Amino acid sequence: MTAAPAKFVLEPERYEIGSNALHHFSLQRREFFKMLGKGIAIFSVSPNAVAGQESGGRRGNRDQEQPKDISSWLHINDDGMVTVFTGKVEVGQNTRTTLAQSVADELRVPLSSIRMVMGDTALTPFDMGTFGSRSTPYMSPQLRRVASAARDLLLEQASAEWKTPADKLLANDGKITNPASGATLTYGQLAQRKTLAREIPDADPVTPPDQWTIAGKPVPKVDARAFVTGQHQYTPDLRPANLLHGKVLRPASFGATLVSADLAAAKAMPGVVVVRDENFVAVAAPTERAAEKAIAVIHADWKTTPQTSSNQLYSYLKKNLETDGEHQQPYEKGSVVNGLTAATHRLEQTYNVAYIAHAPLEPRAALAEWKDEKLTVWTGTQRPFGVQEELSAALHIPKDRVRVIVPDTGSAYGGKHTGDAALEAARLARAANRPVKIVWTREEEFAWAYFRPAGVIEIKSGISSDGKLSAWEFHNYNSGASGIQTPYDVANQRIQFHPVNSPLRQGSYRGLAATANHFARESHMDELAHAAQIDPLEFRLRNLSDARLRAVFESAAKTFGWPRTKIQTRQGFGMGGGVEKNGYVATCAEIAVDQNSGDVRVVRIVTAFECGAIVNPDGLRNQIIGANIMGLGGALFESIEFENGRILNPRFAQYRLPRFREIPEIEAVLIDRKDIPPAGAGETPIVGLAPAIGNAIFDATGIRLRNLPLVPRGLKSLKTSA
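Predicted, not measured: the structure shown is a model, and the values here were computed from it.

**Quick notes on the overall build of the chain**
Next up, step 1: Helix and strand counts for the chain stand at 17 helices and 29 strands.
Next up, step 2: Expressed as a percentage of the 722 residues in the chain, the buried residues total 59%.
Next up, step 3: Partitioning the intrachain contacts of the chain with sequence separation of at least 6 by distance along the chain shows that 76% fall at a separation of at least 24.
Next up, step 4: Looking at the chain as shown, the accessible area adds up to about 29,600 Å², and 49% of this sits on carbon and sulfur atoms.

**Things to note about the pattern of salt bridges**
Next up, step 1: According to the stated counting rule, one finds 38 salt bridges in the structure shown.
Next up, step 2: The shortest N-O distance in the salt bridge between R403 and D120 comes to 2.7 Å. Of this pair, R403 sits in strand β18 (residues 402–405) while D120 is found in the loop between β4 (114–118) and α3 (135–162), placing the two residues 283 residues apart along the sequence.
Next up, step 3: Two residues, R548 and E610, come together in a salt bridge whose shortest N-O distance is 2.7 Å. Taken together, the residues R548 in helix α15 (residues 547–560) and E610 in strand β25 (residues 600–610) connect sequence positions 62 residues apart. Here R548 matches E610 in class, with each residue buried.

**Let's talk about the pairing of strand β21 (residues 469–477)**
Next up, step 1: Burial analysis of β21 places nine of its nine residues in the buried class, the great majority of the element.
Next up, step 2: Inspection of the sheet shows β21 paired to strand β22 (residues 493–498) by six bridges, in the parallel sense. Bridge assignment links W472 to a residue of β22, and that residue is Q493.

**A closer look at the packing of helix α13 (residues 514–531) against helix α17 (residues 689–701)**
Next up, step 1: Interaxial distance between α13 and α17 falls to 8 Å at its minimum, and their mutual angle equals 30°. Crossing of α13 against α17: the hand is right-handed. In contact with H518, F519, E522, S523, D526 and H530 of α13, α17 contributes A690, P691, N695 and F698.
Next up, step 2: Looking at the contact of α13 with α17 residue by residue, the class counts come to four nonpolar, four polar and two charged.

**Here's the deal with the packing of aromatic side chains**
Next up, step 1: Applying the stated rule across the entire model yields eleven aromatic pairs.
Next up, step 2: On the numbers, 5.9 Å between centres and 75° between planes, the contact of Y355 with F642 is edge-to-face. Linking Y355 in the loop between β15 (345–353) and β16 (365–371) with F642 in strand β26 (residues 642–643), this pair joins segments that are 287 residues apart in sequence.
Next up, step 3: The interplanar angle of 75° and the centroid separation of 6.0 Å between the aromatic rings of F560 and F573 together place this pair among those described as edge-to-face. Remark: F573 occurs in strand β23 (residues 571–580) and F560 occurs in helix α15; sequence separation between them is 13 residues.

**Here we look at the environment of E443**
Next up, step 1: Topologically, E443 is positioned in helix α12 (residues 442–448).
Next up, step 2: Between the C-alpha atom of E443 and that of F652, which follows or precedes it by 209 residues, the distance is 8.9 Å.
Next up, step 3: E443 has contacts with P650 and R651, leaving out every residue within four places of it along the chain.

**A short note on the packing of helix α16 (residues 617–636) against α17**
Packed helices, taken two at a time, are described by their axes: the angle between them and the distance between them.
Next up, step 1: One way to put it is that α16 packs onto α17 with a least axis distance of 9 Å and a crossing angle of 55°. Classified by the interaxial angle, the pair formed by α16 and α17 is oblique. You can see that α16 and α17 cross each other, and the crossing is right-handed. For the pair α16 and α17, contact is made by N628, G631, L632, A635 and L636 and by L689, A690 and I693, respectively.
Next up, step 2: Looking at the contact of α16 with α17, its residues break down into six nonpolar, two polar and no charged.

**Points about the nonpolar core**
Next up, step 1: Counting 69 residues, the largest nonpolar core has Y355, L375, V377, L391, L504, I640 and I647 as the members making the most contacts within it.
Next up, step 2: Ignoring any residue separated from it by four or fewer positions in sequence, one finds L375 in contact with A368, E369, W370, L391, L395, R401, V402, R403 and A426.
Next up, step 3: Core analysis: the second largest hydrophobic core is formed by 66 residues, I495, W562, A692 and I697 among them.

**Some points on unusual backbone geometry**
Next up, step 1: Residue W562 is joined to P563 through a cis peptide bond whose omega torsion reads -5°.
Next up, step 2: Locating P563 in the fold gives a position in the loop between α15 and β23.
Next up, step 3: The linkage connecting L708 with the following residue, P709, adopts the cis geometry, with an omega of 5°.
Next up, step 4: Within the secondary structure, P709 is located in the segment after β29 (707–708).
Next up, step 5: One non-glycine residue with positive phi stands out, namely K163, at about 55°.
Next up, step 6: Examined against the element boundaries, K163 turns out to sit in the loop between α3 and β5 (170–172).
Next up, step 7: Look at K163 and you get exposed, because its relative accessible area is 74%.
Next up, step 8: Notably, K581 is not glycine yet its phi reads approximately 55°, a positive angle.

**Regarding the side chain of S523**
Next up, step 1: With respect to the helices, strands and loops of the structure, S523 is situated in helix α13.
Next up, step 2: Overall, S523 belongs to the buried group, its relative accessible area being 1%.
Next up, step 3: Apart from residues no more than four positions distant in its own chain, S523 is found in contact with Y351, H518, P691, N695 and R704.

**A look at the confidence of the model for the chain**
Next up, step 1: Model confidence for the chain is summarised by a mean pLDDT of 90, while 89% of its residues fall at 70 or above.
Next up, step 2: Counted against residues more than four places away or in other chains, residues 1–10, with its pLDDT under 50, gives 30 contacts.

**Focus: the environment of E522**
Next up, step 1: Mapped onto the fold, E522 is located in helix α13.
Next up, step 2: What makes E522 buried here is its relative accessible area of 0%.
Next up, step 3: C-alpha of E522 to C-alpha of G694: the two residues are 172 residues apart in sequence and 9.5 Å apart in space.
Next up, step 4: Setting aside residues up to four positions removed in sequence, E522 forms contacts with Y488, R540, F553, G576, G577, P691 and N695.

**Here we look at the sheet that holds β4**
Next up, step 1: Taken together, the three strands give an open sheet; going across it, the order is β2-β3-β4, and neighbouring strands pair in mixed fashion. Pairing within the sheet leaves two strands with one partner each, and these edge strands are β2 (74–76) and β4. Strand-to-strand twist in this sheet, taken as the mean axis angle between neighbours without regard to direction, amounts to 20°.
Next up, step 2: Across five bridges, the pairing between strand β3 (residues 82–86) and β4 is parallel. By the bridge assignment, V84 is partnered in β4 with M116.
Next up, step 3: Along the sheet, helix α2 (residues 95–107) makes contact with β2, β3 and β4, crossing β4 at roughly 130°.

**Focus on α3**
Next up, step 1: Under the 1.5 Å per step criterion, the end-to-end length of α3 is 39 Å for 28 residues, consistent within 8% with the ideal 40 Å.
Next up, step 2: Most of α3 sits inside the fold, with 22 of its 28 residues counted as buried.

Basis of the calculations
Residues numbered from 1 in each chain as written. Predicted model: local features only at pLDDT ≥ 70, side-chain atom pairs only at ≥ 80, totals over all residues. Heavy atoms only, no water. Helix = DSSP H or I, 4+ residues; strand = E, 2+ residues; numbered from the N terminus. Buried < 20%, exposed > 50% of the residue type's maximum accessible area, 1.4 Å probe, protein only. Contact = heavy atoms within 4.5 Å. Areas by Shrake-Rupley, 256 points an atom, 1.4 Å probe, with all protein chains shown as cover. Salt bridge = Lys/Arg side-chain N within 4 Å of Asp/Glu carboxyl O. Pairing = 2+ DSSP bridges. Axes fitted to C-alpha atoms, helices over the stretch in contact; angles between N-to-C directions. Left-handed = near helix turned anticlockwise from the far one by under 90°. Nonpolar A, V, L, I, M, F, W, Y, C, P; charged D, E, K, R; others polar. Phe/Tyr/Trp six-rings, centres within 6.5 Å; stacked < 30°, edge-to-face > 60°. Parallel < 35°, antiparallel > 145°, perpendicular 65-115°, else oblique. Core = buried A, V, L, I, M, F, W, Y, C linked by side-chain atoms within 4.5 Å. pLDDT = per-residue confidence, 0-100. Expected span 1.5 Å × (residues − 1).

See below:
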């Protein structure tokens, strides 16, 4: 028997993605009751629209019970096509394919007969969101249990019709066969005019990984042709009849309060609808150009307050700790004081991490339409049910009058938890009484979306004469607690996360704070190895009893050829790795430094990754390679620059991302553990890259870099110390 997966519990560091909502609406009382129509309305709305999401801050668990009947999750058509319903969304991570593989495998049907309905609050069961690498470890087993229960029910129906014990029948290729008589019934025939109304058992025998026939194989991406030929419609592509285009008047700086706004000129423009609701000022017009002109003629006066800048960031974070709410208690084991006293080598260092942007290919966009006093919004979000709650709360309407639909979306990286564009489009559509679409510009995406949290990390450590860790003290300010625990063996530890009143709007990012915490820890481990004059791989293995983490370090090192012999000057090798969300990763990097320019070029990356049983090898390999490419920017040069409440680099021309010419050779080593349930892979592969590159730079130059990004303007521009 395979037990149901444990109930998902939000990790403690979810503080870091507690992004505040951009807008708060106070509709006029007359407009409010007009929206509700006749009768008495009794409903409640969440006082905190982001309370129940991954990107929520300090809040209770607002999880909902999932439906237990088969028909809520799966429907078999008369023609044998299988429709599967899940609240998960597709944002480029290929979860549509991997979930379809799991269902097809368990139900014993061809993959081509599976149709996934995803991320629609009116059709799919409640889901907290597509985040935390939980689609594979939580939704895949859920859908397998559903498919297994459905298969059992079909076997029972065929058993009753043939008066043959169900255990004598076979389910395969979308049909039930009686081997004794040769008789067959297709799933479509068995499902005609029937409802799969049985409840899903909490524990049900599902197919073990070593018996998978469809899962575990590299299959093509579902609907791939539609994406590469342009047939798929993203939210910005939707164009219903009578569509208006929306634009929002943005504040003069973060936190600015609207004092006054002259709307007369915009209201006089033909076909333009203008809305002012507290600080929210927006227009809707027949064309995007007309909307831009209408926004341009609005004269607004904003009250601003002095704010900090990026060149003061790290001192600000240390001085502005949160003073309210419950603080996370430190993790303590043994005595750090005693461990440091007994150490042969002691080290104390500080590591800093800048704010960075998600920079998705598809910016925030939403299309909103009101019909019969009900709201439907199409938008790219990782949390359709969370956005439904946000809309309900902001617009003062019952949640059951709000439907959120998520078309497959052009990336998110943790940056699309909130419904900013959805709120804006819905408020304008209500005023215009027509569908309204809002597509953020690239400048809006950079300036008004939330950022990956910046952080300051302080580490004190000690090692004994045999190269074993004797003390470890680790403090993270603001960045978050994800991945904060050390996987290395150390008897004396003190580890603590310190929340800070962030100067910028901050939220979830791929890997959460694990990118920052792994950078600091793995950089520090390298420094300790050099202090003890021990090879960095040997030092890690000497302090590591976790067999799975040892395996990825050894696999990455073997494929990389560690230890490597330098064949040219300014060539360097480094490694980094760790554990996050039950995924194990180790990355080795080779870099080369240009003697004249000081530019750092990453030449080769090898990443070994183990996340239990592999569902789709090609998809997993793509995730690992994609994570490394994305991680290059955060490691080398991505950084948000800001001053007094304004972003200074809100364009791709100013915000440095990796170019095609800068992509190194990347090799992914997949470790398939069919004896371990699958874990997610969307986040963990990114965490080993930055420390591997930083350690390789030290190996090449003797310069130890402790800030991310490492070389925003090349090595020659940095004031560094060896």
